[in-house]
Amino acid sequence: MWLILSDTHDNMEVLKKVEELLSEKNIEKVFHCGDFVAPFTLGRLIKEGVDFYGVFGNNDGEVLLLDKRSGGRIKKPPISLEVDGLRIAMMHEPILLDAIVRSQEFDLILYGHTHRVDVRKEGKTLVVNPGEACGYLSGKSTVYLFDPRTREGELLEL
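Everything numeric in this text was worked out from a predicted model, so none of it was measured.

### Quick word on empty space enclosed by the protein
Counting across every chain of the model gives one cavity of 30 Å³ or more. Reported here for the largest cavity is a volume of approximately 60 Å³. Around the largest cavity, the lining residues are L86, D107, L108, K121, K124, L126, F146 and R151. Considering only residue class, the lining of the largest cavity consists of four nonpolar, no polar and four charged.

### Structural notes on the packing of aromatic side chains
For the structure shown, the criterion picks out four aromatic pairs. Arranged with centres 5.0 Å apart and planes meeting at 40 degrees, the rings of W2 and F31 form a pair that is tilted. Residue W2 is located in strand β1 (residues 2-5), and its partner F31 is located in strand β2 (residues 29-32); the two are separated by 29 residues in the primary sequence. The class for W2 is buried, based on a relative accessible area of 0%. When the ring of F36 is compared with that of F52, the centres are 6.3 Å apart and the planes differ by 45 degrees; the resulting orientation is tilted. Here F52 lies in strand β3 (residues 51-55) and F36 lies in the loop between β2 and β3, a separation of 16 residues in the sequence. Using a relative accessible area of 0% as the deciding quantity, one classes F36 as buried. Here F52 falls in the buried class, since its relative accessible area comes to 4%. A cation sits over an aromatic face here: R87 above F106, 4.9 Å from the ring centre.

### A look at the pattern of salt bridges
Scanning all chains against the criterion turns up 10 salt bridges. For K124, the salt bridge identified is with D107, shortest N-O distance 3.6 Å. Of this pair, K124 sits in the loop between β8 (117-122) and β9 (125-130) while D107 sits in the loop between α3 (97-103) and β7 (108-110), and the two are 17 residues apart along the sequence. Assessed through its relative accessible area of 40%, K124 is described here as partly exposed. Under the relative-accessibility criterion, D107 is labelled buried at 13%. Here D147 and R149 are joined by a salt bridge, their closest N and O atoms 3.7 Å apart.

Conventions we followed
- Numbering of residues starts from 1 in every chain and runs along the sequence as written.
- Thresholds applied to this predicted model are a pLDDT of at least 70 for local features of residues and 80 or more for the giving and counting of side-chain atom pairs; totals over whole chains, interfaces and linings are not thresholded and use all residues.
- Neither water nor hydrogens contribute to the side-chain values; these are computed over all heavy atoms in the structure.
- Cavity: a set of points on a 1 Å grid over the protein atoms alone where a 1.4 Å probe fits but cannot get out. Pocket: an open set with protein on both sides within 12 Å along at least five of seven lines, its lining residues, like those of a cavity, having an atom within 4 Å of a point.
- Grid points are joined across faces, edges and corners, and a volume is the space filled by probe spheres set on the points.
- Charged residues are taken to be Asp, Glu, Lys and Arg, nonpolar residues to be Ala, Val, Leu, Ile, Met, Phe, Trp, Tyr, Cys and Pro, and polar residues to be all remaining types, Gly included.
- Two rings from Phe, Tyr or Trp (for Trp, the six-membered ring) form a pair when their centres are within 6.5 Å of each other. A pair whose planes differ by under 30 degrees is stacked, one over 60 is edge-to-face, and the rest are tilted.
- For the purposes of this entry, the term helix denotes a DSSP run of H or I that reaches at least four residues, the term strand denotes a run of E that reaches at least two, and both are numbered from the N terminus.
- With a 1.4 Å probe rolled over the protein chains alone, any residue whose accessible area is under 20% of its type maximum counts as buried; one over 50% counts as exposed, and the rest are partly exposed.
- Think of it as a cone above the ring: NZ of Lys or CZ of Arg counts as a charge over the ring if it is within 6 Å of the ring centre and within 35 degrees of the ring normal.
- When a carboxyl oxygen of Asp or Glu is within 4 Å of a side-chain nitrogen of Lys or Arg, the pair counts as a salt bridge.

Encoded structure:
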């Protein structure tokens, strides 16, 4: 199972729940779409035996320390990855999102920034914005669980 989340914004209470979710749901990979905010949050997200992929968000000010503490696993967006045979585009802000979706070059497009859930299938491409993990704007802390084998997922409220 994969965990897709975004916009944690230093909410340590929520990050504790995310940390518990990693073991409860046997999470193999974590994809964070930006706005960690502070490097101290990474201790709850990056775990031994769990692959981690991240992109910087517009509120990530301590870029050098985030880079160092993540072991270079947080990249400047947008990025493209191939993970378990799936082509993935990952970004924080949905810049050129519609064009990337129309290209149909990716199986999965992950983004954040808007603090609004957007889960939709366009052709062969699954687009996922898991909403805001922090829950500050909507009052709901949400993440997305994705099964790469079935290519199905579910939005989970923490």
